[in-house]
Amino acid sequence: MAISVFGLGYVGCVSAACLAARGNSVVGVDVNPEKTEFIRQGRAPVVEERIGELTAEMVAAGRLTVTEEVAKAVLTTDISIICVGTPSGSGGSLSTQYLERVSAEIGAALANKDGWHIVAYRSTMVPGTCGDILIPILEQASGKTAGMDFGVCVNPEFLREGSSVRDFENPPKTVIGASDERTGTQMTALYAGLPGPRFLVPISVAEMTKYVDNSFHALKVTFGNEIGALCAELGLDSHAVMDIFLADTKLNISPAYLRPGFAFGGSCLPKDVRALTHTARRHDLELPVLQNVLASNEAQLRRAVELVMSLGRRRIGIFGLSFKAGTDDLRESPMVEFAERLIGKGYDVRIYDAHVALSRLMGANRAFIEDRLPHLGDLLTDDIAAVVAHGEVFVAGTAEPEVVAAIDGIAPDRTVIDLVRLPGAAERRLRPGYLGIGW
C-alpha cells in the first residue's frame, strides 16, 4: 500500500519507518526541511532505539522517501497519516492549528484527485476535534464528502519514547475510529498480523482513548509517589509495600473497579481512605490525589441527585439500598445517602430492596437505619410492584433480575436513571426516558 506520513517527529518518523518495514511504500512530509533532509540521507531525525538502523534500511531499499510537496504526496498514495503536533494552548486547551493547516492542504490536494483516499489522524486530539473541525475543513477544501468520496479515521498511537519501534511492532491494542466501513476495513488491514486486540469504534471514541490512557498513567505515577511519600514518612520501604500491591492481579492490577458507575461506599473504602489521609495530615504531608478521593466520590453522588432534580418530577422509585447488591449491608451506602438527600429536598420516595427489607429491624442495620434514615420503615418495601406503581422517575441502584424485569415493564413515559449499567444498556440508551449516570 502507498502511504504518506505528515509530520516526522517521534510518532511520524517511527510510523513511517515501521510501515515501510511492513512492505508499504511510504512518503514522509514535514514543514521542517532539516527533518526531510535527514531522512533523504538515510538518517532518522529523532533519537530512538532501532529507529536509526530501520530508517537507513528502508531508505536504502527505496520504500521510504520524502517530499516537501503536499499535493504530490496525496496524489501518489492511498492513505495519508497525520502525525503533526497538538501542543497545549492557552489555559490548557488543545492547539489544533497544525492539524487545521495540514487538513486544509490535504483537502486542496483531494480536490484534484480521482479515486478513493483515506485521511488518518494519528495525532492526539480531544473528542469532537475531528468531526467538528477537521472533517469540515477537508470537505470545504476538497469540495467532497467524507465517508462517500474519501475516508477519514482517527487511529491513535500507543508508542512510548525510548521503545517506540518495539511498541509499534507489539502494540497493546489497535484502535480505529472510521467515517465508514470501507475506511475501517482498509485501516485494519494496514496492521494485519500485529498482536493485541483491535477496536473499530466511532471516531469520537477513538479520540478519547488516548486521553484515558495517559490520564490513568499519570494517576498511577502520582498514586505511587504519594504512597512512597507516606511510607518514607512512616519509615517503611515503599517498594516492599508496592510489591505486595502489584501481586494482586484480581483486584489491584486488573479491570476491577474501573467500570464507570455510582459512588463507592461500604464498611471499608470510605473509612480507610479517611484514615490514610488523616495519617498523612498528622505528619504534615500533602497527598493531593488521595486527599481528594472522597471529594470526587461526593461529586458523583451529587451528580445523581442533580440528575433527578433536573427532571422536575416528584415521585421517585428507588431500586436497591445496600452498598452492594446481594447484601443487606447499609454501612456508608451511597444509596442511603442518595435517598436521604432526595427526602430532604421534599421528594416523595419509595424504595425496594428485598435483602434490606428482610433484615431492616435487626442488629447493626436497625441501628444504622434509626440513626441515618429514621423514616425508612415507611419508605422501604419488599413489594416491587408498589414501587413501580408509585414512581414517575425510577433509579436503578442494583441489577438483580427482579429489578431488571420490573424496569423493562415500566411505561415509556417514565424515566429510568441507571446507576449500575443495566444489561443491554447500549440498546436502552436509544429509548426515550433512559439516562445512564456515566454513559
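Looking at an unreviewed UniProt entry, one finds the protein named UDP-glucose 6-dehydrogenase and attributed to Nocardia panacis. Under the Catalytic activity (unreviewed entry) heading, UniProt states for the protein: "UDP-alpha-D-glucose + 2 NAD(+) + H2O = UDP-alpha-D-glucuronate + 2 NADH + 3 H(+)". Check the Sequence similarities (unreviewed entry) section of the UniProt entry for the protein; it says "Belongs to the UDP-glucose/GDP-mannose dehydrogenase family."

Draft legend 1. Quick look at the overall build of the protein. If you tally the helices and strands in the protein, you get 20 helices and 14 strands. Overall, the C-alpha framework of the protein stretches about 80 × 60 × 40 Å when taken along its three principal axes. Residues counted as buried form 45% of the 439 residues belonging to the protein. Relative to all contacts within the protein whose residues are 6 or more apart in sequence, the contacts with residues 24 or more apart total 70%. Here the protein has roughly 21500 Å² of accessible surface; of this, 55% comes from carbon and sulfur atoms. Both charge centroids of the protein, one from 42 positive and one from 53 negative side chains, sit 2 Å from each other.

Draft legend 2. Layout of the packing of aromatic side chains. As enumerated under the stated definition, the model contains four aromatic pairs in all. Look at Phe 262 and Phe 338: their rings are 6.0 Å apart centre to centre, the planes differ by 80 degrees, and that puts the pair in the edge-to-face class. In this pair, Phe 262 is assigned in the loop between helix H10 (238-247) and helix H11 (269-282) and Phe 338 in helix H14 (residues 334-344), connecting sequence segments 76 residues apart. Assigned by exposure class, Phe 262 and Phe 338 land together as buried. It is Lys 173 that lies over the ring of Phe 158; its NZ or CZ is 4.4 Å from the centre.

Draft legend 3. View of the layout of surface pockets. Computed from the structure, the second largest pocket encloses a volume of approximately 260 Å³. Around the second largest pocket, the lining is made up of 15 residues, and of these Phe 264, Asn 297, Leu 301, Glu 332 and Glu 337 lie nearest the centre. Contributions of two or more residues to the lining of the second largest pocket are made by H11, helix H13 (293-309) and H14. Broken down by class, the residue content of the lining of the second largest pocket amounts to seven nonpolar, two polar and six charged.

Draft legend 4. How the structure looks around helix H2 (residues 33-40). Looking at where H2 begins, the residue whose side-chain oxygen comes 2.9 Å from the main-chain nitrogen of Glu 34 is Asn 32. Looking at the residues trailing H2, positive phi occurs at Gly 42, about 80 degrees.

Draft legend 5. Region of interest: the sheet that holds strand E9 (residues 315-319). Taken in spatial order, the six strands of this open sheet run E11-E10-E9-E12-E13-E14, and their pairing is parallel. The open sheet has two free edges, formed respectively by strand E11 (380-381) and strand E14 (434-436), since each of these has just one partner strand.

Draft legend 6. A look at the sheet that holds strand E6 (residues 151-154). The mixed open sheet is built from eight strands, whose spatial order is E3-E2-E1-E4-E5-E6-E7-E8. Every interior strand has two partners, whereas the edge strands, strand E3 (64-67) and strand E8 (198-201), have only one. On average, adjacent strands in this sheet sit at an angle of 25 degrees to one another, irrespective of strand direction. Relative to E6, strand E5 (residues 118-121) is paired through four bridges, and the arrangement is parallel. What sits directly across from Val 119, in E6, is Val 152.

Draft legend 7. Structural context of the packing of helix H5 (residues 97-110) against helix H6 (residues 129-142). Axis separation between H5 and H6 bottoms out at 7 Å; the angle between their running directions is 30 degrees. The way H5 lies across H6 gives a crossing that is right-handed. Of H6, the residues touching H5 (which contributes Leu 99, Glu 100, Ser 103, Ala 104, Ile 106, Gly 107, Ala 108 and Leu 110) are Ile 133, Leu 134, Ile 137, Leu 138, Ala 141 and Ser 142. Broken down by class, the residue content of the contact of H5 with H6 amounts to ten nonpolar, three polar and one charged.

Draft legend 8. Seen up close, the packing of H13 against H14. Viewed as axis vectors pointing N to C, H13 and H14 meet at an angle of 40 degrees, and their least axial separation amounts to 10 Å. Relative to H14, H13 is oriented oblique. The element H13 and its partner H14 pack so that their crossing is right-handed. In this structure, H13 uses Glu 298, Leu 301, Ala 304, Val 305 and Val 308 to contact H14, whose residues at the interface are Pro 334, Glu 337, Phe 338, Arg 341 and Leu 342. Of the residues belonging to the contact of H13 with H14, the class tally is seven nonpolar, no polar and three charged.

Draft legend 9. Molecular detail of the UniProt feature "binding site: substrate" (unreviewed entry) in the protein. Feature annotation in UniProt places "binding site: substrate" (unreviewed entry) on Phe 158, Leu 159, Arg 160, Glu 161, Lys 210, Tyr 257, Leu 258, Arg 259, Pro 260, Gly 261, Gly 265 and Lys 324, given in this structure's numbering. The greatest C-alpha distance among the residues just named is 42.1 Å, and with 167 residues of sequence between them they are spread in space as well. Lining the largest cavity, from the set of annotated residues above, are Phe 158 and Leu 159. Tracing the sequence through the fold places Arg 160 in the loop between E6 and helix H7 (164-169). When sequence neighbours within four positions are dropped, the list of residues in contact with Arg 160 reads Glu 48 and Asp 167. Among the structural elements, Glu 161 can be located in the loop between E6 and H7.

Draft legend 10. Structural context of empty space enclosed by the protein. The tally for this structure, following the rule as stated, stands at three cavities of 30 Å³ or more. Lining of the largest cavity is provided by 15 residues; of these, Arg 122, Phe 158, Pro 171, Lys 173 and Thr 174 occupy positions nearest its centre. Where the lining of the largest cavity is concerned, the elements lending two or more residues are H7 and strand E7 (174-178). Classifying every residue of the lining of the largest cavity by side-chain character gives nine nonpolar, two polar and four charged.

Draft legend 11. Region of the structure containing helix H8 (residues 181-190). Residues of H8 that are buried: Thr 183, Gly 184, Met 187 and Leu 190. Buried residues of H8 fall within an arc of 115 degrees about the axis and therefore sit on the same side. In H8, the exposed positions angled more than 90 degrees off the buried face are occupied by Glu 181 and Thr 185. Capping of H8 at its N-terminal end is provided by Asp 180; its side-chain oxygen lies 3.2 Å from the backbone amide nitrogen of Arg 182.

Criteria and cut-off values
Residues numbered from 1 in each chain as written. Predicted model: local features only at pLDDT ≥ 70, side-chain atom pairs only at ≥ 80, totals over all residues. Heavy atoms only, no water. UniProt positions renumbered as here; feature names shortened; annotations may be inferred. Helix = DSSP H or I, 4+ residues; strand = E, 2+ residues; numbered from the N terminus. Buried < 20%, exposed > 50% of the residue type's maximum accessible area, 1.4 Å probe, protein only. Contact = heavy atoms within 4.5 Å. Areas by Shrake-Rupley, 256 points an atom, 1.4 Å probe, with all protein chains shown as cover. Lys, Arg positive; Asp, Glu negative; His and termini not counted. Charge placed at Lys NZ, Arg CZ, Asp CG, Glu CD. Phe/Tyr/Trp six-rings, centres within 6.5 Å; stacked < 30°, edge-to-face > 60°. Lys NZ or Arg CZ within 6 Å of the ring centre and 35° of its normal. 1 Å grid on protein atoms, 1.4 Å probe; cavity = no way out; pocket = protein on both sides within 12 Å on 5 of 7 lines; lining within 4 Å. Points joined across faces, edges and corners; volume = space filled by probe spheres on them. Nonpolar A, V, L, I, M, F, W, Y, C, P; charged D, E, K, R; others polar. Polar contact = N/O pair within 3.5 Å; in protein donor to acceptor, adjacent residues only side chain to side chain. Pairing = 2+ DSSP bridges. Axes fitted to C-alpha atoms, helices over the stretch in contact; angles between N-to-C directions. Left-handed = near helix turned anticlockwise from the far one by under 90°. Parallel < 35°, antiparallel > 145°, perpendicular 65-115°, else oblique. Arc of directions from axis to C-beta.

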